[in-house]
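# Analysis of the macromolecular model
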Amino acid sequence: MFLIILYFLLSSACCTMLDEETGSSSSSSSHQQHQHNSLPPFIDVLPPGPFYDVERSANVTALVDQPAKLNCRVNKIGNRTVSWLRHRDLHLLTVGPYTYTSDQRFRAVHTAGSEDWALSIKFAQVRDTGMYECQVSTTPPMRHNIWLTVVEPKTTIYGSGDVFINKGSNINLTCAVDYTPQPPSYVIWKHNNKVITYDSERGGVSVVTEKGSRTTTNLLVRGASIEDSGTYSCNPSSAPVAKVLVHILNGEHPEAMHHGGCSPYDVSLGLLAATLTFVATFT
């Protein structure tokens, strides 16, 4: 009986010692793991040096005689400097906040603490169209090109320069006005340099105009007659004039009108007859 009790006491003591060793080992491992996880993490997912934000340094389209602004955003620039160059003549325009050109329309624009370095052009002209370079003073220098397009107001009448309408049909002309700082205050239609009035004795004339970034105006003349032939012009208040020549057909073919009353078939026969006569004369 004594031996049995002694056996259980020794077994219990051994298990206790094993548990203490295991617990000590686990605690030490946990402490080491805790120390490892507490190391400062490396969380720099961005490029290490300056880099361009190309989405905010995009190409620019500007209207003539209006301000143009080319923006260049540079992240993590540090103590580097941004310069603007014009590719056309390799002219240095700005360095940092300073402007280096006698053309007073150009100016460097930067707000302290901002990542945007802009080139501003006052009263942009068509000749300003071209490539401009935003350069960062790294070694070697970083370069990002931005294309500037300066556009003039434009007026277009849809269709070709000549429009052919059958007698009795409707004349339907659409004019579009683009690239104006504001929508034109008015658009006037003229026929042979005379303003088309909607309350004239002729009647059947209507105009619908929609103003916006692109202004469109539609002229509808119902029941065209021979007297409606001639030059129609679209005259916006703030854009050039566009013209189209309208021909009212009274049973003729457009091809015949292009060739002074002779169809291409007649012209071809005439050329063939002349050629045969020439050959027969010298043979």
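In this report, we go over the structure that sits alongside the text.

## Considering a nonpolar patch on the surface
Taken together, Leu92, Tyr98 and Tyr100 make up a surface patch of nonpolar side chains, about 340 Å² in accessible area. Structurally, the position occupied by Tyr98 is in strand S6 (residues 98-99).

## A look at the sheet that holds strand S13 (residues 171-178)
Strand order across the open sheet formed by 4 strands is S11-S13-S17-S16, with antiparallel pairing between neighbours. Strand pairing shows two members of the sheet lacking a second neighbour, strand S11 (154-157) and strand S16 (205-210), which therefore form its edges. Averaged over all pairs of adjacent strands, the angle between strand axes in this sheet comes to 15°, irrespective of strand direction. Judged from the 6 bridges that link them, S16 and strand S17 (residues 215-221) form a sheet pairing that is antiparallel. Within the sheet, the bridge partner assigned to Glu210 lies in S17 and is Thr216.

## Some remarks on the nonpolar core
Grouped together as the largest cluster of nonpolar side chains are 24 residues, with contacts concentrated most on Leu70, Val74, Trp84, Tyr132 and Leu148. Counting residues per element, the ones that place at least two in this core are strand S2 (60-63), strand S3 (68-75), strand S4 (82-86), strand S8 (116-121), strand S9 (130-136) and strand S10 (142-151). Not counting chain neighbours up to four residues away, the residues in contact with Leu70 comprise Val60, Trp84, Trp117, Ala118, Leu119, Ile121, Tyr132, Ile146 and Leu148. The next biggest cluster of nonpolar side chains, apart from the first, holds 21 residues, and it includes Leu173, Val187, Ala224 and Cys234.

Analysis parameters
- Per chain, the residues get numbers from 1 upward, laid out in the order the sequence is written.
- Since the coordinates come from a predicted model, pLDDT governs what is reported: local features require at least 70, and pairs of side-chain atoms require 80 or more to be given and counted, while whole-chain, interface and lining totals use all residues.
- Water and hydrogen atoms were dropped before computing side-chain values, which therefore reflect all heavy atoms in the structure.
- Exposure above 30% relative accessible area and the lack of any salt bridge qualify a residue for a patch; like charges then connect within 9 Å, and the nonpolar side chains Val, Leu, Ile, Met, Phe, Trp and Tyr within 5 Å.
- Here the open area of atoms and residues is found with the Shrake-Rupley method and a 1.4 Å probe, where only the protein chains shown may cover a residue.
- For this document, the term salt bridge refers to a Lys or Arg side-chain nitrogen within 4 Å of an Asp or Glu carboxyl oxygen.
- A run of H or I in DSSP becomes a helix once it reaches four residues, and a run of E becomes a strand once it reaches two; helices and strands are each numbered from the N terminus.
- Paired strands, as defined in this entry, are two strands with at least two bridges between them according to DSSP.
- For helices, the fitted axis covers only the stretch in contact; all axes are lines through C-alpha atoms, and the angles between them, taken along N-to-C directions, range from 0 to 180 degrees.
- Nonpolar cores were defined as sets of buried Ala, Val, Leu, Ile, Met, Phe, Trp, Tyr and Cys residues, with membership established by side-chain atoms within 4.5 Å.
- The rule is simple: take the accessible area with a 1.4 Å probe, protein chains only, and divide by the maximum for that residue type; under 20% is buried, over 50% is exposed, in between is partly exposed.
- In what follows, a contact means two residues having at least one pair of non-hydrogen atoms within 4.5 Å.

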